[in-house]
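Notes for the structure review
Each chain, written out:
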Amino acid sequence: MIVVTGATGNVGRPLVRALAGAGEPVTAVSRRVAAADLPPGVRAVRADLADPAGLKTAFDGAEALFLLFTGGQLTGGADPGAILDTARQAGVRRVVLLSSQGVATKRHPPEQEEAVRASGLEWTVLRPAGFHSNALAWAPGVRSGRIVHAPFGDVALPSVDPADIAEVAAIALRDSRHAGGTYELTGPAAVSPRERAAALAAALGEPVRFVEQTPQEARQQLLAFMPEPVVTATLGILGTPAPAEQRVSPDVARLLGREPRGFADWAARHVADFR
């Protein structure tokens, strides 16, 4: 049995599908998950990572765990050590942590990775760059006025397709040869916000106007749904990325045996969200 936390998210949803499609027994964990949201045969457990005791049912009979890391902290501010203790006591042997490229570049704190490495479990750490799916924040403006507002219009970063992250996670969860590995996951090329807007326009077959925000305008917008330290780290990456944050990693291609999917591919597959 493999337990997937964040099972209804941009990575968790395709990961559940990939594992179930490979014939693996899967337990999908989320605060709002329902069996109707999942492939046939996947077990749904509603649970909150902030309540490790409530995860005991989800971990029962499991051998591996996919643990979600979001925005510099585990979802809901959960204690990774307590979650991992509960998992180990339930018999889980392997954990794959979805971390962040920002840990390597000191933008995000390392506590979650440290907890995983100290857990006594076999572990693999995935460090993705920004997600292609972050562009979904532009969807309301594109739908209503064919317009994208974003800062740092010409700063290019190699964002990654969540579906590629899910495929890598599925491999690491099923193959103990990846124990002790730390993988940096990026797309095939660095792409700027202005170029992403152009890719959306191409997918839609209609012009999309790009309007560059000031850093302060972007900060105020992000503060509506992110803690201030996470906003500061995010704007730092978007506006003044380190060379390591602009570098294309070979890890996705090496692990999947193909090139990672680019942003234009993601835009074409998700164009309905922007119509």
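See the structure printed just above.
Residues numbered from 1 in each chain as written. Predicted model: local features only at pLDDT ≥ 70, side-chain atom pairs only at ≥ 80, totals over all residues. Heavy atoms only, no water.

**Here's the deal with the nonpolar core**
- Counting residues in hydrophobic clusters, the biggest one holds 31 residues, and the most contacted among them are V4, L15 and F66.
- Breaking this core down by element, the ones donating at least two residues are β1 (2-5), α1 (12-21), β2 (26-30), β4 (64-68), β5 (94-98), α7 (162-174), β8 (182-185) and α12 (251-256).
- Examining the composition of this core, we find that seven residues originate from one element, α7, more than from any other.
- Not counting chain neighbours up to four residues away, the residues in contact with F66 comprise V3, V4, T5, V11, L15, V96, L98, A169 and L173.
- Formed by 23 residues, the second largest nonpolar core is a distinct cluster that contains V3, V92, V95 and V125. (Core = buried A, V, L, I, M, F, W, Y, C linked by side-chain atoms within 4.5 Å. Buried < 20%, exposed > 50% of the residue type's maximum accessible area, 1.4 Å probe, protein only. Helix = DSSP H or I, 4+ residues; strand = E, 2+ residues; numbered from the N terminus. Contact = heavy atoms within 4.5 Å.)

**Re the packing of α1 against α7**
- With their axes 8 Å apart at the nearest point, α1 and α7 run at an angle of 45° to one another. Overall, the two elements α1 and α7 adopt an arrangement that is oblique. The element α1 and its partner α7 pack so that their crossing is right-handed. Together, P14, L15, A18 and L19 of α1 and P162, A163, A166, A169, A170, L173 and R174 of α7 make up the contact between the two elements.
- When its residues are assigned to classes, the contact of α1 with α7 shows 10 nonpolar, no polar and one charged. (Axes fitted to C-alpha atoms, helices over the stretch in contact; angles between N-to-C directions. Parallel < 35°, antiparallel > 145°, perpendicular 65-115°, else oblique. Left-handed = near helix turned anticlockwise from the far one by under 90°. Nonpolar A, V, L, I, M, F, W, Y, C, P; charged D, E, K, R; others polar.)

**Overview of the side chain of S133**
- Mapping S133 onto the fold places it in the loop between β6 (122-128) and α6 (139-145).
- Polar side-chain contacts of S133 include one of 3.3 Å to the side chain of N10.
- Among residues more than four places away in sequence, those in contact with S133 are N10, P162 and W266. (Polar contact = N/O pair within 3.5 Å; in protein donor to acceptor, adjacent residues only side chain to side chain.)

**Brief notes about the packing of helix α9 (residues 215-222) against helix α10 (residues 228-239)**
- α10 packs onto α9 with a crossing angle of 140° between their chain directions and a minimal axis gap of 10 Å. By the angle class used here, α9 and α10 are oblique. Between α9 and α10 lies a crossing whose hand is right-handed. Mapping the contact onto sequence places P215, A218, R219 and L222 in α9 and E228, V231, T232, T234 and L235 in α10.
- Broken down by class, the residue content of the contact of α9 with α10 amounts to five nonpolar, two polar and two charged.

**Thoughts on α7**
- With 13 residues, α7 should reach 18 Å at 1.5 Å per residue; the first-to-last C-alpha distance of 18 Å fits that figure.
- The buried count for α7 comes to 10 of 13 residues, which makes it a mostly enclosed element.
- Regarding α7, the residues found buried are P162, A163, D164, I165, A166, V168, A169, A170, A172 and L173.
- For α7, the N-terminal capping position is held by D161, with its side-chain oxygen 2.9 Å away from the main-chain nitrogen of A163. (Expected span 1.5 Å × (residues − 1).)

**Quick word on the environment of R117**
- Counting through the fold element by element, R117 comes out in helix α5 (residues 111-117).
- Here the alpha-carbon distance between R117 and G180, two residues 63 residues apart in the chain, equals 8.3 Å.
- In this structure R117 touches W123, V125, R127 and T182, once residues within four positions along its chain are discounted.

**Quick word on the sheet that holds β2**
- Strand order in this open sheet of seven strands is β3-β2-β1-β4-β5-β6-β8, and the pairing throughout is parallel. The sheet is open, and its two edges are formed by β3 (43-46) and β8, each paired on a single side. Pairs of neighbouring strands in the sheet enclose a mean axial angle of 20°, with direction left out of account.
- The strands that α1 touches are β1, β2 and β4; relative to β1, the one it contacts most, it runs at about 165°. (Pairing = 2+ DSSP bridges.)

**Remarks on the side chain of R146**
- Assignment of secondary structure puts R146 in the loop between α6 and β7 (147-151).
- The buried category is assigned to R146, whose relative accessible area is 19%.
- In this structure, R146 is in contact with G141, L204, E206, P207, V208, R209, F274 and R275, ignoring residues within four places of it in sequence.

**A few points about the pattern of salt bridges**
- Inspection of every chain in the model, using the stated rule, returns 20 salt bridges.
- Residue R117 is joined to E113 by a salt bridge in which the shortest nitrogen-to-oxygen separation is 3.1 Å. Here R117 pairs with E113, and both are found in helix α5, just four residues apart, close to one helical turn.
- On the basis of relative accessibility, which here comes to 35%, the residue R117 falls in the partly exposed class.
- A cluster of three or more residues bridged by salt bridges with shared partners is formed by D164, E167, R258 and R261. (Salt bridge = Lys/Arg side-chain N within 4 Å of Asp/Glu carboxyl O.)

**What to know about helix α8 (residues 193-204)**
- Look at α8: 17 Å from first C-alpha to last across 12 residues, which is about the 16 Å you get at 1.5 Å a residue.
- Buried within α8 we find P193, R196, A197, A199, L200, A201 and L204.
- Summarising the contacts, the buried residues of α8 are in contact with α6, β7, β9 (209-213) and α13 (263-269).

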